[in-house]
Number of protein chains: 2
Amino acid sequence: MTDKPNSVSWIAADWGTSNLRVHGVGADGAILAEAASDEGMGSLAPDAFEPALLRLVGPWLGAGVTPVLAAGMVGARQGWTEAAYRAVPCPPLAPGGLTRAPTRDPRLAVWIAPGLSQARPADVMRGEETQIAGAMALHPGFDGVMCLPGTHSKWARVSADEVTGFQTCMTGELFALLARQSVLRHSLAGEVSDDASFDEALSDALSRPERVAARLFSIRAESLLSGLSPEAARGRLSGRLIGMELAATRPWWLGQRVVLIGSAPLCATYARALAAQGVPSETLPAAGCTLAGLSTLLPGLPR
Amino acid sequence: MTDKPNSVSWIAADWGTSNLRVHGVGADGAILAEAASDEGMGSLAPDAFEPALLRLVGPWLGAGVTPVLAAGMVGARQGWTEAAYRAVPCPPLAPGGLTRAPTRDPRLAVWIAPGLSQARPADVMRGEETQIAGAMALHPGFDGVMCLPGTHSKWARVSADEVTGFQTCMTGELFALLARQSVLRHSLAGEVSDDASFDEALSDALSRPERVAARLFSIRAESLLSGLSPEAARGRLSGRLIGMELAATRPWWLGQRVVLIGSAPLCATYARALAAQGVPSETLPAAGCTLAGLSTLLPGLPR
């Protein structure tokens, strides 16, 4: 879908560390085109961002100026241009707070949404604030907790149209490192995770969080000594790490109804884990929330 | 030190996943030669072990047969030849339990010491059993707890000349993955760790183990927001992970006097952590324990 839809009125860019995803949006809000590449922030020098963007959206540009609204690590200090964090409590996005990125092509006007920071405990996010803004646009008046599971899971409290606080857990990154690079990699294979093993490890991590450090290598030992299946091993590692996250974030979800934002399979895993604690949840797709969040910025753009 | 000491009577080999270390020992127990290479088990096919060994010890061999006693991952299923685990409770080494490795060079007779296994909770070790045997030889009648900090830290209970149980924590591997490959790598640099930061993170992890998952990313956030130094960041990560290990192994060290076996700097870190809990410890060097352990096998070798 990189044809030339002449009526693209603005472009939404989700620009993370590893990937760039763009949507060409019409004046009526319809998605007219989409494209993606692996030219994430992590692999680009500052002057390489504009060419990377043009490779994807060049065919969508008309004669005039097309605004591009971008969220994510593109606004980090090591990104295209730094969009300084906004400190919570504050609305997740503020139209006046956009940072203009330097461009050469006269057809482009690129605006980057800044991330959020929290002084105590120290925490930061970039990209998730846009998804939270999108979820709030989809749920006007929302008051409660949002969880964005992923490489760095975020838990955010939303009240009176503001993010009042948030908490990051490195659960996805820990899982990837342990599953792919630690000695446990020999015991895990494929992408299938056994539900019963997940549930048991989750419950154990939540009820005895102090023992987690003693429960990781046992996955390897059981596969050596008693043939633990790769699916069971994967379920256990996932359950144990998500259990650690839920143990650390108990005040965030206890007695709450949680809105999950992310990929469908990962949100289903978190929904299962929360349901086991008696916590209901609802899932919103990450891409839809990013687009809805960036859309809220459009009316405030300088003309 | 790979000269030709003609009087080498036997060779001790510490053959792990990443390294091979050999000592040429005289009839009186004196170390006459030593050598090392990075030809660890992880990088060798079964028929590559003998050549790797000969590259180091070839110059030490005389006309007759020189026995080589080896400990470590060399005896794993993916190693030179499998030396099946012995199940605890049992003495850490048993002369009758050695496995002969296939060799072509008539000057070599290679014997591999098997590791230990534990059925419940499932656990395994390879190499550490030899250090434990060495420490027991240095402390006849020892009754208590030994801790071997490292990539995979081992805690072992020793009583009546047997290992009665043990527990592995992946603390060293977790630290290496997080310090070198996770997002925290941007905040850590060098090898220096700040003691006060270590102590604080250790105490926090021990008193609130359920919050550890929420305390890792904050290292990165604080370095972004308030310029946390690399030394403080390193101290915090180390303190938090060793704190997780001590939280999980509390029944092993509480009210005990612990014998630490390992590298001097790592043992000093664990000694500091244990001392903060009121637990005295004594440190024995790993290489000396391996040699002392393998020495106990010599009298039982087939002639």
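Structure's up top.
A brief report on the enclosed structure follows. Throughout this description, residue numbers start from 1 for each chain and increase along the sequence as written. Lettering of chains starts at A and numbering of ligands starts at 1, both following the order in which they are written. Per-residue local features of the predicted model are confined to residues with pLDDT of at least 70, and side-chain atom pairs are confined, for both listing and counting, to 80 or more; whole-chain, interface and lining totals are unaffected and use all residues. Based on all heavy atoms of the structure, the side-chain values leave hydrogens and waters out of the count.

1. Some points on the sheet that holds strand 6 (residues 99–101) of chain A
All names here are of chain A. Two strands qualify as a pair provided that DSSP identifies no fewer than 2 bridges between them. For the purposes of this entry, the term helix denotes a DSSP run of H or I that reaches at least four residues, the term strand denotes a run of E that reaches at least two, and both are numbered from the N terminus. Spatially, the six strands line up as an open sheet ordered 3-2-1-4-7-6, and their pairing is mixed. The sheet is open, and its two borders are formed by strand 3 (31–37) and strand 6, each paired with just one other strand. For this sheet the average axis-to-axis angle between neighbouring strands, irrespective of direction, equals 25 degrees. Sheet topology places strand 4 (residues 66–71) next to strand 7 (residues 108–112); five bridges connect them, and they run parallel. Bridge pairing in strand 7 places Leu69 opposite Trp111. Helix 1 (residues 49–57) contacts strand 1 (10–15), strand 2 (20–25), strand 3, strand 4 and strand 7 of the sheet and is inclined by roughly 50 degrees relative to strand 2. Lines fitted to C-alpha atoms define the axes, with helix axes restricted to the stretch in contact, and inter-axis angles between N-to-C directions lie between 0 and 180 degrees. Contact criterion: two residues are considered in contact whenever any of their non-hydrogen atoms come within 4.5 Å of each other.

2. Observations concerning the interface of chain B and chain A
Each partner contributes to the interface: chain B provides 40 residues, whereas chain A provides 40 residues. Two parts placed together each lose some accessible area under a 1.4 Å probe, and the buried area is that loss summed for both. Of the roughly 3300 Å² buried between chain B and chain A on both sides combined, carbon and sulfur atoms contribute 74%. Whenever a carboxyl oxygen of Asp or Glu lies within 4 Å of a side-chain nitrogen of Lys or Arg, that contact is scored as a salt bridge. Along the contact surface separating chain B from chain A lie zero salt bridges. By the criterion applied in these results, polar contacts are pairs of N or O atoms within 3.5 Å in which, for protein atoms, one can donate a hydrogen and the other can accept it, and in which residues neighboring in sequence qualify only through two side-chain atoms. Inspection of the region where chain B meets chain A yields seven residue pairs in polar contact (both at pLDDT 80 or more). Per-element accounting of the side of chain B that touches chain A gives the leading share, seven residues, to helix 5 (residues 217–226) of chain B. Any residue that is not Ala, Val, Leu, Ile, Met, Phe, Trp, Tyr, Cys, Pro, Asp, Glu, Lys or Arg is counted as polar, Gly included; the first ten are nonpolar and the last four charged. Among the residues forming the side of chain B that touches chain A, the class breakdown is 22 nonpolar, nine polar and nine charged.

3. Points about the pairing of strand 12 (residues 162–169) of chain B
Residue and element names in this part refer to chain B. The element strand 12 is extensively covered by neighbouring structure, given that six of its eight residues are classed as buried. The pairing of strand 11 (residues 153–159) with strand 12 spans seven bridges and is classified as antiparallel. Among the inter-strand pairings, Val158 is bridged to a residue of strand 12, identified as Val163. The turn joining strand 11 and strand 12, which pair antiparallel and follow one another in sequence, is formed by two residues; a positive phi near 50 degrees is taken by Ala160. Each residue's exposure class comes from its accessible area (1.4 Å probe, protein chains only) as a fraction of the maximum for that residue type: buried when under 20%, exposed when over 50%, partly exposed otherwise.

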